[in-house]
Every structure is written in C-alpha cells, then in structure tokens.
Amino acid sequence: MAQKALDHEAFFCPMCLDLLKDPVTIPCGHSYCRDCVQHHWDQEDQKQLYSCPECRQSFSPRPVLIKNIMLAGLVEQLKKTGLTAPPADRCYAGPQDVSGDVCTGRKMKAVQSCLQCVASYCESHLQPHYDAAAFQKHQLVAPTHKLQENICSQHHRVMELFCRRDQQNICSLCVDQHEGHNIVSSASERAQKQAELPARRALLLQSLQDKNTDLKRLKQEAQDINRSAKAAVQCSRDSFREMALLLKKRDSEVEQQILSQKQTQLSRVQELQDQLSTEPARIQTGFLSDFEEVTRAVSALRDKLQLTLSPVQVLLSPAGPSSREDFLQYYTEITLDRNTAHPLLTLSDGNRRVTSFGVLESYPLHSDRFSDVCQVLSRESLTGRCYWEVEWSPSGLWAEWCVDVAVSYRDIERKEHPESFFGRNNKSWSLAREPKSYSFWFNSVQSQVSGLVAGPVSGRVRSRIGVYLDHSAGVLEFYSFSEWNMSLVHRVQTSFTQPLYAGVRFDWFPGDTVHFPKLK
C-alpha cells in the first residue's frame, strides 16, 4: 500500500498528470516537472508574485529551481517497471476540462455526461450507471458543459423528445403544444443525425474542394488577365514608339522632298528670269502643282491614321448620348470646302453658310469639285464621335423646296451623274427633304422615314437637323427639333471603312440657304 501511495503521490506531476520529467521541488515542498512549473510562473511574471499550483503559497522573488536528484532517480527506476500512465483517481480536472459533479474536494476529470441525470461523472462515480439496473436506460454522452441546455426552460424537465417539424428538443409535457407533429426520441434523432454525418461531411468536403478548385481557377484567370494586360501595354508602347519613329522618318523624308523640289523649281524660275532678260517672250508657269500633290498625299495619310486609331477610342469611350446636352459634348465645327462646291453654290460666314444663287461662281478648276450635282463637302474629316447641326431656310420665291443632309467618303464620284448624288452610291448616306416628306437614301435605295412628314414650306421658315456620328461603332443618327426638343428621325447601323465628311445638296432653286451654326 505504501508503494502504491508512493507511486501515485510522488512520481506524477500534478500539472501534466504524467511521470515527472526533470523533477524539481519548490520552497513549499511540492514537486513538478521543470517545464511545467516554469511555464506556470512565466504567466505570473507581470505580478512579480509566484505561487504553488497545488497549495497556492506565494513566493517573491521567483525561486531558483533545483533538480530533485532523488526523485529523478526513482522516476527512472519506475519507467523500467512499465508505470507510464497516471491512475484514474489522479486524473484531476483542468481549467478547460469537464469536472465530475459528484466529486468532493478537488474535482476529477469527467469521462461521461448523463442526459437524464443532467450531471457529469468521473470514472469512479460513473460506475453505478454500468452496475445498477435503475441507470441502465440513462443516455451517456461525451463530457459536455452544456447539460443545462437539455432542461426545458418552461417545465424544468429533461428534454427527451425531438420535434422534427419544429426542429427542437422538447420535454414530455411539451407534447401537447406539438400535437400532430412528427415527434421522436432525442436519442433516435441523435442517432440518425450521427448516421448522416459521414455523408454530410463528404458533401461539405467535396463542396470545399470545389470552392478551392474554383478559387485556384479564378486566381489563375486573374494572373492571366494581368499578364495579358501587361503584355498588351508593352506591345502598345512598342507599336506607338515604332509608329512615332516611322512618322518622324516620313516627316524628314517629305521635308527633304519638298526642299529638293523647292530648289529645283527656284532654279527653274531663275533660268526663266534669265531667259526673259534676253528673250522678252511670254512664259507658261505652274510650279505649285507638285507641292499640292505632296500636301494631298500627307492629308490622305493623316485620314488613314485617324481611321486606324478610332477602334481604340471606341473601347475607351463612354456610353452613347441621350440628350442634347450629351450630344453637345461631341460638337464638331463644320466648315465647307470651297474646292468641292458646285459653281452654283456660294460660301460665306467663314465657309459655314452656303447659298444657291443660280449663277455660276468663278471657282478655279479643281479635281475635287462637284460639276454635275449642286452639292458641297466639309473640310473636316470625321472619325470617332461627332455631332453637328444643319439649319436651312428657303428663298421664299418657291412654295416647295428640297435639300439633302449627308455624310460621304472623300472618294465619292465628282463628275458622273447620277453616281455623284449623295445617297445614290455606296459611299454616302443622305437624309432628303422632299416636297411632302422626308426619306433616306443609300446605294440608290430610298427608304421613307415613318412618322415624319414635311409639309409645304414658304417664306423665311427655318428647319434644323442634328446629326450624330459614332464612326467606330458604325452609328449615324438624324434628329429633328421642336422648341429644342430632339426627336430621332432615322438611325443607321453599319460599318464605316473610311473617314467621313459632312455634306449638303440643293435642288435648282436660287436663294435657298444652309447654315452650319456654331453651338459652343
């Protein structure tokens, strides 16, 4: 008995409940593993007051730990006898353990909790539940601190039943409140849920794996997007750098060409001057044509470059406009190109107003001039998003009059009739005001504009049309005005392959006027 008491009391650490490891004895006489008591005192460093875990005696300053050589030797001998685990009556409950409710003095660690007794038992006090017939039907579960949750708050009785409809535990007196419900014993419900746990756990694990797979895929996609965007930015920088170098080179080449032509023509002029001094004869000149061709070629290159860059602009552009204020953000001032005007048209007001006079203007010959159709194009090429307004008024001499508001590619036919008419080819789009109605023309196909009828016009009545172009999106829209309220007249959805130019066409009525007003 003495040896048994010695084994139990002397050789097991009261803190870790295991055989002493590097045993030390503190001033009050109790012994512990060196690491256990050091860890306990480390937590008390702030108070500068150190206590014994068993008797609570306090020490200050912190005692110096000295190895208990005798205990260390005895422990080594006990290890050889096979004593490696503490007896059941030395399994004291720690702060986080469920303690035995029946234990007196220092509480032992509970090994089971009884739902019927609403109590937890250590191994010694649990034995009657195995031996006595009165306890055979009690339900034992793993030790838990939540036994009071199994007591009905209304009737203060153990909740031995479970209502599946309301998904709650109830006591036998609560049954009347759950009449007609599917009621089973708490034990059977618990057993069923425990049986379902593996399948539910498998589903949760599969769901977690799927989410992890999706997360990895999304992370990979984010990396791919970042990598692709970085590559695109670098490619864009390289491309624009190359274009800038190429344009600089072309600029230098064109400059050298112009200077060379200038020198050649100046030399020719000097020769003619010398010739005139000796031979007073009339000499034909015309030295500017070469420069005009160079200027036209550079302008064409500029137009192609604008058209090439426009798809990038549409990717970064905001949503389409919906009010006149929105349209005005894209206002583009239109001035007319005198070199395209038919001889019956007179330009004024900074080339923003055109009037049909019925008399021929003395315009110089030019390859861009319309010779068979009374129409004119703008000087500005139109790409990206543009908005402008066209205002016209009749001369008052005619009861009815006609005019077309159009956009066109620059390479539209200038001489042939009727191919040079706006809307009578596949290079121009035209909204035509006719004596009784409006219609739309493209590629010689006429479409009536539904819901918009143009009555007879006389006197100095003015009409106005707004034109919106989104070149990259292939959108062309015509709007009418009524006290500054805009109404969509006609919309075109197509694909533009060249820069566009604004244009107007007149019938042969002298005095009719079209004006491109400044809106800002």
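Residues numbered from 1 in each chain as written. Predicted model: local features only at pLDDT ≥ 70, side-chain atom pairs only at ≥ 80, totals over all residues. Heavy atoms only, no water.

### Considering the sheet that holds strand E5 (residues 112-114)
If you trace the three strands from one edge of the open sheet to the other, you get E6-E5-E7, paired in antiparallel fashion. The open sheet is flanked by strand E6 (119-121) and strand E7 (140-141), the only strands paired with a single partner. The pairing of E5 with E6 spans three bridges and is classified as antiparallel. Counterpart to Cys 114 in the pairing with E6 is Ala 119. Of the strands in this sheet, E5, E6 and E7 are in contact with helix H4 (residues 123-131), which crosses E6 at around 110°. (Pairing = 2+ DSSP bridges. Helix = DSSP H or I, 4+ residues; strand = E, 2+ residues; numbered from the N terminus. Contact = heavy atoms within 4.5 Å. Axes fitted to C-alpha atoms, helices over the stretch in contact; angles between N-to-C directions.)

### Let's talk about the nonpolar core
Counting residues in each nonpolar core, the largest one holds 38 residues, and the members touching the most others are Val 354, Trp 388, Trp 429, Leu 476, Phe 478 and Val 514. Filtering out sequence-adjacent residues up to four positions away, Phe 478 remains in contact with Val 405, Leu 431, Phe 440, Ile 465, Gly 466, Val 467, Ser 487, Leu 488, Val 489 and His 490. Counting residues in each nonpolar core, the second largest holds 19 residues, with Cys 13, Val 24, Ile 26 and Cys 36 among its members. (Core = buried A, V, L, I, M, F, W, Y, C linked by side-chain atoms within 4.5 Å. Buried < 20%, exposed > 50% of the residue type's maximum accessible area, 1.4 Å probe, protein only.)

### Section: helix H5 (residues 186-278)
With 93 residues, H5 should reach 138 Å at 1.5 Å per residue; the first-to-last C-alpha distance of 131 Å fits that figure. Of the positions making up H5, those classed as buried are Ser 186, Glu 189, Gln 261, Gln 265 and Leu 272. (Expected span 1.5 Å × (residues − 1).)

### Quick notes on the sheet that holds strand E10 (residues 183-185)
As summarised here, the arrangement of the three strands in space is E9-E8-E10, forming an open sheet in which the pairing is antiparallel. Looking at strand neighbours, the two that pair on one side only are strand E9 (168-170) and E10, the edges of this open sheet. Ignoring strand direction, the axes of neighbouring strands in this sheet form an average angle of 35°. Both strand E8 (residues 161-163) and E9 contribute to a ladder of three bridges, which runs antiparallel. Counted as the bridge partner of Leu 161 is Ile 170 from E9.

### Some remarks on the confidence of the model for the protein
Per-chain confidence: the protein averages 81 in pLDDT, with 85% of residues scoring 70 or above. Confidence drops under pLDDT 50 across residues 1-7; counting only partners more than four residues distant or on other chains, this segment forms five contacts. The low-confidence segment residues 453-460, where pLDDT is below 50, has 27 contacts with residues more than four positions distant or belonging to other chains. (pLDDT = per-residue confidence, 0-100.)

### Topic: the side chain of Arg 34
If you trace the backbone, Arg 34 turns up in helix H2 (residues 34-42). For Arg 34, the residues in contact, after removing those within four places along its chain, are Lys 21, Asp 22, Val 24, Leu 65, Ile 66 and Lys 67.

### Let's talk about a negative patch on the surface
Taken together, the side chains of Asp 372, Glu 413, Glu 416 and Glu 419 define an acidic patch exposed on the protein surface. Looking at the element boundaries, Glu 419 is found in the loop between strand E15 (403-409) and strand E16 (428-433). Looking at Glu 419, the relative accessible area reads 41%, which means it is partly exposed. (Patch = residues over 30% accessible without salt bridge, like charges linked within 9 Å, V, L, I, M, F, W, Y side chains within 5 Å. Areas by Shrake-Rupley, 256 points an atom, 1.4 Å probe, with all protein chains shown as cover. Salt bridge = Lys/Arg side-chain N within 4 Å of Asp/Glu carboxyl O. Lys, Arg positive; Asp, Glu negative; His and termini not counted. Charge placed at Lys NZ, Arg CZ, Asp CG, Glu CD.)

### Structural notes on the layout of surface pockets
One number sums up the size of the largest pocket: a volume of about 680 Å³. What lines the largest pocket is a set of 23 residues, and nearest its centre among them are Arg 296, Ser 299, Asp 303, Arg 410 and Tyr 501. Within the lining of the largest pocket, the residues separate by chemical class into five nonpolar, seven polar and 11 charged. Volume-wise, the second largest pocket comes out at about 400 Å³. Residue lining of the second largest pocket: 14 residues in total, with Pro 14, Met 15, Gly 94, Pro 95 and Arg 106 positioned closest to the centre. A per-class count over the lining of the second largest pocket returns seven nonpolar, two polar and five charged. (1 Å grid on protein atoms, 1.4 Å probe; cavity = no way out; pocket = protein on both sides within 12 Å on 5 of 7 lines; lining within 4 Å. Points joined across faces, edges and corners; volume = space filled by probe spheres on them. Nonpolar A, V, L, I, M, F, W, Y, C, P; charged D, E, K, R; others polar.)

### Looking at the pattern of salt bridges
As enumerated under the stated definition, the model contains 23 salt bridges in all. The closest approach of N and O atoms between Asp 238 and Arg 241, which form a salt bridge, is 2.9 Å. Separated by three residues within a single helix, Asp 238 and Arg 241 lie in helix H5, roughly one turn from each other. Owing to a relative accessible area of 46%, Arg 241 belongs among the partly exposed residues under this scheme. A salt bridge links Glu 271 to Arg 268; the shortest N-O distance between them is 3.5 Å. Taken as a pair, Glu 271 and Arg 268 lie in helix H5 at a separation of three residues, close to a single helical turn.

### Concerning the side chain of Arg 369
Position of Arg 369 among the secondary structure elements: in the loop between strand E12 (353-356) and strand E13 (375-377). Despite its burial, Arg 369 pairs with no opposite charge, the nearest such side chain being Asp 337 at 7.4 Å. Apart from the residues lying within four places of it in its own chain, the contact partners of Arg 369 are Arg 338, Asn 339, Thr 340, Ala 341, Pro 343, Tyr 363, Pro 364, Arg 414 and Lys 415.

### What about unusual backbone geometry?
Residue Pro 61 follows Ser 60 across a cis peptide bond; omega there is 5°. With respect to the secondary-structure elements, Pro 61 resides in the loop between strand E4 (58-59) and helix H3 (69-81). For Gln 48, which is not a glycine, the phi torsion comes out positive at approximately 55°. The class of Gln 48 is partly exposed, set by a relative accessible area of 48%. The residue Asn 351 is not glycine, and still its phi comes out positive at about 65°. As for its position among the elements, Asn 351 is in the loop between strand E11 (345-348) and E12. The buried category is assigned to Asn 351, whose relative accessible area is 18%.

### Brief notes about a nonpolar patch on the surface
A contiguous nonpolar surface patch, about 420 Å² in accessible area, is contributed by Phe 240, Met 243, Leu 247, Leu 301 and Leu 305. Residue assignment for the nonpolar patch shows that the elements contributing at least two residues are H5 and helix H6 (289-316). The element best represented in the nonpolar patch is H5, accounting for three residues. Residue position: Leu 247 is located in helix H5. Residue classification places Leu 247 among the partly exposed residues on the basis of a relative accessible area of 42%.

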